[in-house]
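# Chain and residue survey
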Amino acid sequence: MGAEIARHLARRGARVAVHYHGSAAAALELTDELAHGARAFRADLSTPDGPGALLAACEQDGMSPDAVVHAAASFLRRPLATTTAEEWDGVMALNLRALFLLARDYGSLRGGRGGQIVAIADSGARELWPGYLAHCVSKAGVLTLVQALAKAMAPKFRVNAVVPGPVLLPEGVSSAEREAIRGRTLLGRLGEPRHVAEAVEFLLACDYATGAILDITGGAHLWRSEKG
Ligand SMILES: NC(=O)c1ccc[n+]([C@@H]2O[C@H](COP(=O)([O-])OP(=O)(O)OC[C@H]3O[C@@H](n4cnc5c(N)ncnc54)[C@H](OP(=O)(O)O)[C@@H]3O)[C@@H](O)[C@H]2O)c1
């Protein structure tokens, strides 16, 4: 998803700083593919210092981002009964705390120049799937954090969120599960990465949007067992 957002914005003229953690080869391949002098930067965003180090590395390389898109996340499948404290903390650190730290340090670095942030949430934040308890709570936190940041960072910064529905399903999802997921959208189909990238582009371009939460879920966040 992050790669597709990067491609989409690069096609529209953005110079993209690609962040990666473990996928160095894929990130370098992507920067080669993108035009406009894209660069790749490694950071572990789950650590307290990772987000700040990433922004500092961009600055040192002469890239002071006009916008930050936070898409990195885990997708821990774990029900309440078996979620450990360490797993809970790990999910919150990457999915939620990293956004807070990025915003804090981005605000300091950019100061009066301002900027904008788009966070990628998940329709799990609305649907609260019991099998992904920590994940869903972290993404619900992203939605609240985005609105709190929009208030805290106004008027120089705009902070918004996209809430994707089912797009790229994790490995190991059976065809029956896939059908069930597809069936729980109002549009009866899975989304594509470009749908999320287009929503990011819209929020970046619409300079009266802040604190906005854009659901691009095919209606999954509104699904209920009886449509009638
Ligand atoms: N896929 C969907 O259908 C879907 C639906 C709703 C919402 N979303 C949301 O959309 C976003 C992208 O989803 P995706 O499916 O593209 O996810 P993905 O393929 O699992 O990619 C997750 C990314 O997070 C990075 N990451 C993992 N651990 C990290 C760490 N400790 N520090 C820094 N980066 C780390 C990974 O980087 P490396 O590979 O370099 O390690 C990877 O690029 C996520 O926020 C997800 O919750 C996805």
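Everything here concerns the structure above.
Each value, and the rule that gives it
Residues numbered from 1 in each chain as written. Predicted model: local features only at pLDDT ≥ 70, side-chain atom pairs only at ≥ 80, totals over all residues. Helix = DSSP H or I, 4+ residues; strand = E, 2+ residues; numbered from the N terminus. Rg over C-alpha atoms; globule rule 2.2 N^0.38 Å. Buried ≥ 20, exposed ≤ 12 C-beta atoms within 10 Å, placed from the backbone. Contact = placed C-beta atoms within 7 Å. Right-handed = clockwise from strand over helix to strand, strands pointing away. Pairing = 2+ DSSP bridges. Axes fitted to C-alpha atoms, helices over the stretch in contact; angles between N-to-C directions. Left-handed = near helix turned anticlockwise from the far one by under 90°. Nonpolar A, V, L, I, M, F, W, Y, C, P; charged D, E, K, R; others polar. Parallel < 35°, antiparallel > 145°, perpendicular 65-115°, else oblique. Expected span 1.5 Å × (residues − 1). Bend = angle between axes of the 7 residues up to and from the residue.

It is worth spelling out the overall build of the protein at this point. When you go through the protein residue by residue, the secondary structure sums to eight helices and six strands. In the protein, the succession of helices and strands from N to C terminus is α-β-α-β-α-β-α-β-α-α-β-α-α-β. Relative to the globule expectation of 17 Å for 228 residues, the C-alpha radius of gyration of the protein, 17 Å, shows essentially globular dimensions. Considering only C-alpha atoms, the protein reaches an extent of 50 × 40 × 40 Å along its principal axes. Counting over 228 residues, the protein shows a buried share of 38%. Considering only intrachain contacts with a sequence separation of at least 6, the fraction spanning at least 24 residues in the protein is 69%.

Take the pairing of strand β4 (residues 115–120) next. The buried count for β4 comes to six of six residues, which makes it a mostly enclosed element. Residues G115, I117 and A119 line one face of β4 and the alternating positions Q116, V118 and I120 line the opposite face, and both faces are buried. Remark: the strand β3 (residues 67–70)/helix α4 (residues 85–110)/β4 crossover connection has right-handed handedness. Here β4 runs beside strand β5 (residues 157–164); their pairing, made up of six bridges, is parallel. Each residue of the ladder has a partner; that of I117, found in β5, is V159.

Within a sheet, each strand pairs with its neighbour through backbone hydrogen bonds, oriented either parallel or antiparallel. The strand order across the open sheet formed by four strands is β3-β4-β5-β6, and the pairing between neighbours is parallel. Where the open sheet ends on each side, the last strands, each with one partner, are β3 and β6 (213–216). Along the sheet, successive strands turn relative to each other by an average axial angle of 15°, direction set aside. Taken together, the four bridges between β5 and β6 define a ladder with parallel strand orientation.

Turning to unusual backbone geometry, a few remarks are in order. In this model, A154 is joined to P155 through a cis peptide bond whose omega is 0°. With respect to the element layout, P155 can be found in the loop between α6 (133–153) and β5.

So, about the packing of helix α3 (residues 50–60) against α4. Axis separation between α3 and α4 bottoms out at 8 Å; the angle between their running directions is 40°. Of the two elements, α3 crosses α4, and the hand of that crossing is right-handed. Side by side, α3 and α4 meet where G50, P51, G52, L55 and E59 of the first sit next to A98, L101, L102, D105, Y106 and L109 of the second. Here the contact of α3 with α4 is composed, by residue class, of seven nonpolar, two polar and two charged.

This brings us to the packing of α4 against α6. Relative orientation and spacing of two packed helices are given, respectively, by the angle between their axes and the distance between those axes. Following both chains from N to C, one finds α4 and α6 inclined at 15°, their axes separated by 9 Å at the closest point. Relative to α6, the element α4 is oriented roughly parallel. Crossing angle aside, the handedness with which α4 passes α6 is right-handed. On the side of α4, the interface is formed by E87, W88, V91, M92, N95, L96, L99, F100, A103 and G107, while α6 contributes A134, H135, S138, K139, G141, V142, L145, L149 and M153. The residue makeup of the contact of α4 with α6, split by class, is twelve nonpolar, five polar and two charged.

Examined against the element boundaries, S138 turns out to sit in helix α6. In the structure, S138 is positioned 52 residues away from E86 in sequence and 14 Å away in space, judged by C-alpha atoms. Residues contacting S138, with those up to four places away along its chain left out, are V91, M92, N95 and L96.

Before going further, it helps to spend a moment on α4. Across its 26 residues, α4 extends 35 Å between first and last C-alpha, which sits within 8% of the 38 Å expected from 1.5 Å per residue. Residue A93 marks the point of greatest curvature in α4, where the axis turns by about 45°. Buried within α4 are the following residues: V91, L94, N95, L96, R97, A98, L99, L101, L102, A103, Y106 and R110. Looking at the buried residues of α4, the elements they touch are α3, β3, β4, α6 and β5. Looking one or two residues past α4, G111 carries a phi angle of roughly 50°, positive in sign.

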